Amino acid sequence: MQEQILQDLWKVAQGKWESGVLPSAESLARARASLPTTLPATGTSLEAVQRHILDDIVPAFNGGSISPNYYGFITGGTTPAALFADNVVSAYDQNVQVHIPNHSIVTDVEFRALGLLADLFRLDRSVWHNGTFTTGATGSNILGLACGREYVLRKAAEKKGVQVNSVGEFGLFEVLHALGLSGIQVLSTLPHSSLVKAAGVLGIGRANVRNVCRADNPLHFDLEQLEKELARTDKVSIVAVSSGEVNTGRFATTKEHLLQIRQLCDKYGAWLHADGAFGIFARILDDDPEFATVRQGSEGIDLVDSITGDGHKLLNVPYDCGFFFCRHPDLAVNVFQNANAAYLTAGPSDGPVIPSPLNIGMENSRRFRALPVYASLLSYGKDGYKDMLQRQIRLARGIYDWIYDHPEYTPLPVTSSKSDLLDQTFMSVLFRATDDNLNRELSKKINDTSRMFVSGTSWDGAPATRIAISNWRVDVERDLKLVTGVLAEVARQ
Ligand SMILES: *Cc1c(COP(=O)(O)O)cnc(C)c1O
């Protein structure tokens, strides 16, 4: 039975997604009605539990990662190699917590997988082979701001000639008080909501995440305003770059901008963080005119102090998986050390110095989530991932091209020419219906077809719709036909 079920699941993952991208109302109702309301005293057979899950619960799932036409959020999918590895992870249930080289290979594999990711993103290993795997970009943003919090206060202490105290050790309040500071601020342009959440978690405060954008473009830094904020004497600052803004998929900076921002951060002792959850993948692209503008947006990311990346989006490994790179190897341990547990520190090793994950990230016990990453990277290589991303970008551009010419739709952000719009397009398509009544209902009408799924969002104070293309199964010709077919049909209604 179990063998059979695993084989069936494998087929589900390999095969075509036949049903709609959303479950039917009946499936949802049936699944809800099947959920027990109390814990029974005695268990049922494994077979009965399996049947319940497969027959009642699974039909009420959405096509999120399995359908190539689920364009909501940014969900990615699961490559066959990642799916295999993820099942191995569950079967062997290794805990990647402490590096004890004689007990298990898992910390070595995790460390190598991080190095392979650095290679994929053209990050110099001598600087960037430092960081860890997380549960996602939110987790990585927390790590980035936490390291930044240590760093900017250390810099402020140096400047004042005061003894340096760690926030991890003494707490934010005591350290700020000793330095005569009123707080930390995070300066950004159109940051992802999770960055604001990270500021809340870390005692920086959601209200202290501030936009410092230009009046003519909400994604571009106003460097004058940025310098004014960095020069404040009552607060210290972390600068967070949206290396991939979640609605438009566009980049906040080019290399030239980032160089200027880097210089300002150095001048004022600020930390520079890049949220590249999906945007860092633009670094996979070749120096090819077709993708030049997108690639330029990801250039210079290697000038920052810390980088957030997501595994369960464009890397197409299953939930949950993110990664974090940091150029300062000594910082994370100040925040995340597992104090008073000397028996849990790293054992000796002949190879590279591999830190124990529990001292540089949030969890103690951790899933071996690096194995699907490792497997998928080996299975596709640089070229495989480049090919996947190129198909995603070409589909996004094909959709924009069609929308631009369609009188019922308006592509966003409003652009001066079609070629400019297409040049800047990564893997997201943001648009609205020209007619206000249709626009209010647009995402719902598209999703009601159950042939594709989109996210409703807001842009410039009005509803907008976003198609985010992130699945490894993308097929430009097939999917363009489906998407434009649905959009044409919805416009006619
Ligand atoms: C998705 C996303 C996040 C949050 O990522 P999770 O993996 O959902 O935690 C953060 N930043 C950006 C730019 C994103 O696109």
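Residues numbered from 1 in each chain as written. Predicted model: local features only at pLDDT ≥ 70, side-chain atom pairs only at ≥ 80, totals over all residues. Heavy atoms only, no water.

In the annotation of an unreviewed UniProt entry, the entry for the chain reads Tyrosine decarboxylase, and the organism field reads Penicillium cataractarum. Note on the chain: under the UniProt heading Cofactor (unreviewed entry), the record states "pyridoxal 5'-phosphate". (UniProt positions renumbered as here; feature names shortened; annotations may be inferred.)

Caption draft 1: View of the domain arrangement of the chain. Taken domain by domain, the chain holds domain 1 (106–376) and domain 2 (385–492). For domain 1 versus domain 2, the separation of C-alpha centres amounts to 30 Å. Listed by partner, the interface residues are 25 residues for domain 1 and 27 residues for domain 2. Taken over both partners, the interface formed by domain 1 and domain 2 buries close to 2300 Å², and the fraction arising from carbon and sulfur atoms is 59%. (Domains from an automatic or database assignment. Contact = heavy atoms within 4.5 Å. Buried area = accessible area lost by both parts, 1.4 Å probe.)

Caption draft 2: Local environment of the pattern of salt bridges. Counting across every chain of the model gives 28 salt bridges. One salt bridge in this structure joins Glu158 and Lys155, with 3.7 Å as the shortest N-O distance. With Glu158 and Lys155 both in helix α7 (residues 137–160) and 3 residues apart, the pair spans about one turn of that helix. Given the relative accessible area of 48%, Glu158 is considered partly exposed. According to the relative accessible area criterion, Lys155 is partly exposed, its value standing at 30%. Residues participating in the shared-partner salt-bridge network are Arg210, Glu229, Arg232 and Asp234. (Salt bridge = Lys/Arg side-chain N within 4 Å of Asp/Glu carboxyl O. Helix = DSSP H or I, 4+ residues; strand = E, 2+ residues; numbered from the N terminus. Buried < 20%, exposed > 50% of the residue type's maximum accessible area, 1.4 Å probe, protein only.)

Caption draft 3: Focus on the side chain of Ser194. By secondary structure assignment, the location of Ser194 is in helix α10 (residues 193–201). When near neighbours in sequence (up to four residues on either side) are disregarded, Ser194 contacts Thr138 and Asn141.

Caption draft 4: Local environment of a nonpolar patch on the surface. On the surface, a nonpolar cluster with roughly 370 Å² of combined accessible area is contributed by Val49, Ile53, Leu54, Val58 and Phe61. Considering the arrangement of structural elements, one finds Leu54 in helix α3 (residues 46–57). On the basis of relative accessibility, which here comes to 32%, the residue Leu54 falls in the partly exposed class. (Patch = residues over 30% accessible without salt bridge, like charges linked within 9 Å, V, L, I, M, F, W, Y side chains within 5 Å. Areas by Shrake-Rupley, 256 points an atom, 1.4 Å probe, with all protein chains shown as cover.)

Caption draft 5: Focus on the UniProt feature "modified residue: N6-(pyridoxal phosphate)lysine" (unreviewed entry) in the chain. Per the UniProt record, "modified residue: N6-(pyridoxal phosphate)lysine" (unreviewed entry) is annotated on Lys313. With respect to the helices, strands and loops of the structure, Lys313 is situated in the loop between β8 (306–310) and β9 (322–326). Lys313 gets classed as buried once you look at its relative accessible area, which sits at 12%. Apart from residues lying up to four places away in sequence, Lys313 is in contact with Ile74, Thr75, Gly76, Gly77, Ala277 and Ser470. A distance of 3.3 Å separates the side chain of Lys313 from the side chain of Asp310, its partner in a polar contact. (Polar contact = N/O pair within 3.5 Å; in protein donor to acceptor, adjacent residues only side chain to side chain.)

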